[in-house]
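Fold and contact review
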Amino acid sequence: MFNLLRMDLYRVKRSKSVYVCFGILLIATVMTFGLLWLMATPQGQETAVRIGMLAAEDLGETSGILDGVDSLVMFRQIGLDGGMYNLVFGIWVMMFVCMDFQSGFIKNVMALYQNRWNYIGSKLASAGIVNACYLILHLLFVLLMNHLFGNMVPDAKWGDIAFYLSWAWLLTTAFAALLILICVLTRSVAAGALAAVLFGGGAVVMPLYSILNIFHMGEWLKHTIYLTLAMGPGHYASIQDLYVYATGAGFLILYTVIAGIILKRQDI
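First, a word on what this report is: a plain description of the structure on this page.

The rules behind these values
Residues numbered from 1 in each chain as written. Predicted model: local features only at pLDDT ≥ 70, side-chain atom pairs only at ≥ 80, totals over all residues. Heavy atoms only, no water. Axes fitted to C-alpha atoms, helices over the stretch in contact; angles between N-to-C directions. Helix = DSSP H or I, 4+ residues; strand = E, 2+ residues; numbered from the N terminus. Parallel < 35°, antiparallel > 145°, perpendicular 65-115°, else oblique. Left-handed = near helix turned anticlockwise from the far one by under 90°. Contact = heavy atoms within 4.5 Å. Nonpolar A, V, L, I, M, F, W, Y, C, P; charged D, E, K, R; others polar. Salt bridge = Lys/Arg side-chain N within 4 Å of Asp/Glu carboxyl O. Buried < 20%, exposed > 50% of the residue type's maximum accessible area, 1.4 Å probe, protein only.

1. A closer look at the packing of helix H5 (residues 71-80) against helix H8 (residues 116-148)
The interhelical angle for the contact between H5 and H8, taken along N-to-C directions, is 120°, at an axis separation of 10 Å. When the axis of H5 is compared with that of H8, the two are oblique. Seen along the crossing, H5 lies across H8 with a hand that is right-handed. Two secondary-structure elements touch here, H5 through Ser71, Met74, Phe75, Ile78 and Leu80 and H8 through Leu135, His138, Leu139, Val142 and Leu143. Each residue belonging to the contact of H5 with H8 can be placed in one class, and the counts come to eight nonpolar, two polar and no charged.

Given below as structure tokens:
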């Protein structure tokens, strides 16, 4: 599997999609900081009024929008809480896996590696490595932008950041396993892209959660990947906060095993 993983990582390094998707995250971060600077800082509000973006009577309503927000909360709200990170990362995973089937490259891989679990393991490991790079580099970029914009929000504790990143990585890697499963099952770029949008962006979970909540039946959906990322703890307070690791590990194992079983039964 390690030779296959090395080949996949080489392909990742040479591909444009991994850089384009990360660039989308960075652009969204810059736009978010620029908008918040215009709405929440005195200098920005003056500029916003001058260009007609805000009326003078609206300034009091926007001044407190960053109350209680630190750099970790900012990082979460820019990408992970709302699903944008999973959407962008999921699009990359979809292209990384589905293009093997679309181009026929999967036949060459299967000819060299008879154990098809190696293929699933390599794809998942590659996605996990890219995911870790995305999360860490995006966090560092958020911290940099906060500094460049005059420290609009205070820095979070590094212990809280490490705790959050560890379980967020596990859950987003589990989401990558879901997309690998869908791509292996359908062999379709369209299906993979649709899954990234619907599941990554919460377009399936949130309406269902709202409907079931009317009947007080939506609590179990809080343990889905999307809602766990959105509602999970930002710092460790008690042993109950460790449920996020159980959720992430459970989905990761489930989707990986199903993907491996499906690939073993397919005729390639």
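2. Looking at the pattern of salt bridges
Evaluated as defined, the whole model comprises six salt bridges. Residue Arg11 is joined to Asp8 by a salt bridge in which the shortest nitrogen-to-oxygen separation is 3.4 Å. With Arg11 and Asp8 both in helix H1 (residues 2-14) and three residues apart, the pair spans about one turn of that helix. Arg11 gets classed as partly exposed once you look at its relative accessible area, which sits at 27%. A residue is classified by how much of its surface remains accessible, and Asp8, at 1% relative accessible area, is buried. Asp81 is the partner of Arg76 in a salt bridge, and the nearest nitrogen-oxygen pair spans 3.0 Å. Judged by relative accessible area, which is 7%, Arg76 ranks as buried. Three or more residues are tied together by salt bridges with common partners; here these are Asp8, Arg11, Asp100 and Lys123.

3. Description of the environment of Ile91
Tracing the sequence through the fold places Ile91 in helix H6 (residues 84-103). Residue Ile91 is classed as partly exposed on the basis of its relative accessible area, which comes to 24%. Between the alpha carbons of Ile91 and Leu179 there is a distance of 9.0 Å; along the sequence they are 88 residues apart. Residue contacts for Ile91: discarding those within four places in its chain leaves Ala193 and Ala196.

4. Quick look at the side chain of Thr256
If you trace the backbone, Thr256 turns up in helix H13 (residues 243-265). Given a relative accessible area of 18%, Thr256 falls into the buried group. With sequence-adjacent residues up to four places away left out, Thr256 is seen in contact with Trp117, Ile120, Leu124 and Ala177.

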